[in-house]
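Structural overview
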Amino acid sequence: MTELLLVLILLAVIVVGVVLYLRSRRNRQVADARPGAPVDPLADHQGVTDIRTVRAGDMIDYGDQLYFVRGSLRLKEGGYSWSEHFLDDARGSRVWVSVEEDPDLEVVLWRETDAVTEPGGKTMQVGGVTYRREEDGTASYVSEGTTTLAERGSVEYVDYEGPDGRALSFERFDGGKWEAGLGESVALPAMRVYPAGSDRT
């Protein structure tokens, strides 16, 4: 009688163990089938540190704002070359970034302004800030992506320098009207680039 009771208890323990195991397995399968929390695809991507690699299709994170690189200009004057990248965000805000080595790497974020329409003399005042004329010239350009410009052409430019990394620039593409922009110097660690392709790290 005692042996029968022990066998029944042992069978009961085995049945309970099997039931608990099957229930636990089923719960894990249901949990795995549920969609997880949204994942940031850029969370593990540190971005490109060399801003000189930027090209159309990339994304740039700067000042808590994510911009899309719509197009780029590659400019040359004599033996000197630099780039300008045209950006916009989801709200339609448009800016551009110039990248040049003179001889140090200089990155400036530009915003269009209608406070002035054409370059002036040795100094210009815009918004209470005085800018001093730094350089001018004519460069050739090659257009990539969406820039609203021809594939190739020329641009006249006049650059002014202000205090605290501020700048004022005028450009006239292919004999058109002058376009003015106000710029701010960018500290390289503050700008992160996310390449569109997987061939850059």
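Preceding this paragraph is the structure being described.
Throughout what follows, the structure given in this document is the object of discussion. Since the structure is predicted, the reported quantities are computational estimates derived from the model, not experimental observations.

Counting 15 residues, the largest nonpolar core has Ile-51, Ile-60, Leu-87, Val-97, Val-107 and Met-191 as its most contacted members. When residues in this core are grouped by element, the largest group, 3 residues, is from strand β4 (residues 94-101). Residue contacts for Val-97: discarding those within four places in its chain leaves Ser-83, Glu-84, His-85, Leu-87, Val-107, Val-108, Leu-109 and Met-191. Among the nonpolar cores identified, the runner-up in size contains 11 residues, and Val-126, Tyr-131, Val-158 and Leu-168 belong to it.

Attention shifts here to unusual backbone geometry. Where the residue is not glycine, phi is negative for most of them; where a peptide bond is considered, it is trans in most cases. Each neighbour pair has its own omega, and for Asp-102 with Pro-103 the value is -15°, a cis peptide bond. Mapped onto the fold, Pro-103 is located in the loop between β4 and β5 (105-112). The residue Asp-164 is not glycine, and still its phi comes out positive at about 55°. Turning to its location among the elements, Asp-164 is positioned in the loop between β8 (152-161) and β9 (166-173). We note that Asp-174 has phi near 50°; this positive angle belongs to a residue other than glycine. Looking at where Asp-174 falls in the secondary structure, it is placed in the loop between β9 and β10 (179-185). A relative accessible area of 41% means that Asp-174 is categorised as partly exposed.

Residue position: Arg-52 is located in the loop between α1 (2-33) and β1 (59-62). Distance from Arg-52 to Trp-82, taken between C-alpha atoms, is 9.2 Å for residues 30 residues apart in sequence. With residues up to four places along the chain from it excluded, the contact list for Arg-52 reads Val-99, Glu-101 and Leu-105. For Arg-52, the side chain forms a polar contact with the side chain of Glu-101, separated by 2.9 Å.

Another point: the side chain of Ser-169. On the secondary structure map, Ser-169 appears in strand β9. Residue Ser-169 is classed as buried on the basis of its relative accessible area, which comes to 7%. A polar atom in the side chain of Ser-169 sits 2.8 Å from the side chain of Asp-159. Every residue in contact with Ser-169, bar those within four places of it in the chain, is listed here: Trp-110, Val-158, Asp-159, Glu-179, Ala-180 and Gly-181.

Going through the model one piece at a time under the given rule, you end up with 6 aromatic pairs. Seen in terms of ring centroids, Trp-82 and Tyr-157 are 5.8 Å apart; in terms of plane orientation they differ by 75°. Their pairing is edge-to-face. Of this pair, Trp-82 sits in strand β3 (residues 80-88) while Tyr-157 sits in strand β8, placing them 75 residues apart in sequence. Each member of the pair, Trp-82 as well as Tyr-157, is classed as buried. Linked through ring pairs, Tyr-80, Trp-82 and Tyr-157 together constitute an aromatic cluster.

One pass over the full model with this rule turns up 8 salt bridges. As a salt-bridge pair, Glu-144 and Arg-74 come within 3.2 Å of each other at their nearest N and O atoms. Placement of Glu-144 in strand β7 (residues 129-145) and of Arg-74 in strand β2 (residues 65-77) is noted, with a sequence separation of 70 residues between them. Arg-133 serves as the salt-bridge partner of Asp-136, at 3.4 Å between the closest nitrogen and oxygen. With relative accessibility at 35%, the residue Arg-133 sits in the partly exposed group.

This part covers the environment of Thr-113. Looking at the element boundaries, Thr-113 is found in the loop between β5 and β6 (123-126). Here the alpha-carbon distance between Thr-113 and Val-126, two residues 13 residues apart in the chain, equals 9.7 Å. A polar side-chain atom of Thr-113 sits 3.1 Å from the main-chain amide nitrogen of Ala-115.

What follows is about a negative patch on the surface. On the surface, a cluster of negative charge is contributed by Asp-102, Asp-104, Glu-106, Glu-134, Glu-135 and Glu-161. Positionally, Glu-161 belongs in strand β8.

What counts and what doesn't
- Residues numbered from 1 in each chain as written.
- Predicted model: local features only at pLDDT ≥ 70, side-chain atom pairs only at ≥ 80, totals over all residues.
- Heavy atoms only, no water.
- Core = buried A, V, L, I, M, F, W, Y, C linked by side-chain atoms within 4.5 Å.
- Buried < 20%, exposed > 50% of the residue type's maximum accessible area, 1.4 Å probe, protein only.
- Helix = DSSP H or I, 4+ residues; strand = E, 2+ residues; numbered from the N terminus.
- Contact = heavy atoms within 4.5 Å.
- Polar contact = N/O pair within 3.5 Å; in protein donor to acceptor, adjacent residues only side chain to side chain.
- Phe/Tyr/Trp six-rings, centres within 6.5 Å; stacked < 30°, edge-to-face > 60°.
- Salt bridge = Lys/Arg side-chain N within 4 Å of Asp/Glu carboxyl O.
- Patch = residues over 30% accessible without salt bridge, like charges linked within 9 Å, V, L, I, M, F, W, Y side chains within 5 Å.
- Areas by Shrake-Rupley, 256 points an atom, 1.4 Å probe, with all protein chains shown as cover.
- Lys, Arg positive; Asp, Glu negative; His and termini not counted.
- Charge placed at Lys NZ, Arg CZ, Asp CG, Glu CD.

In short, the description is geometric, and any link to function would need to be established separately.
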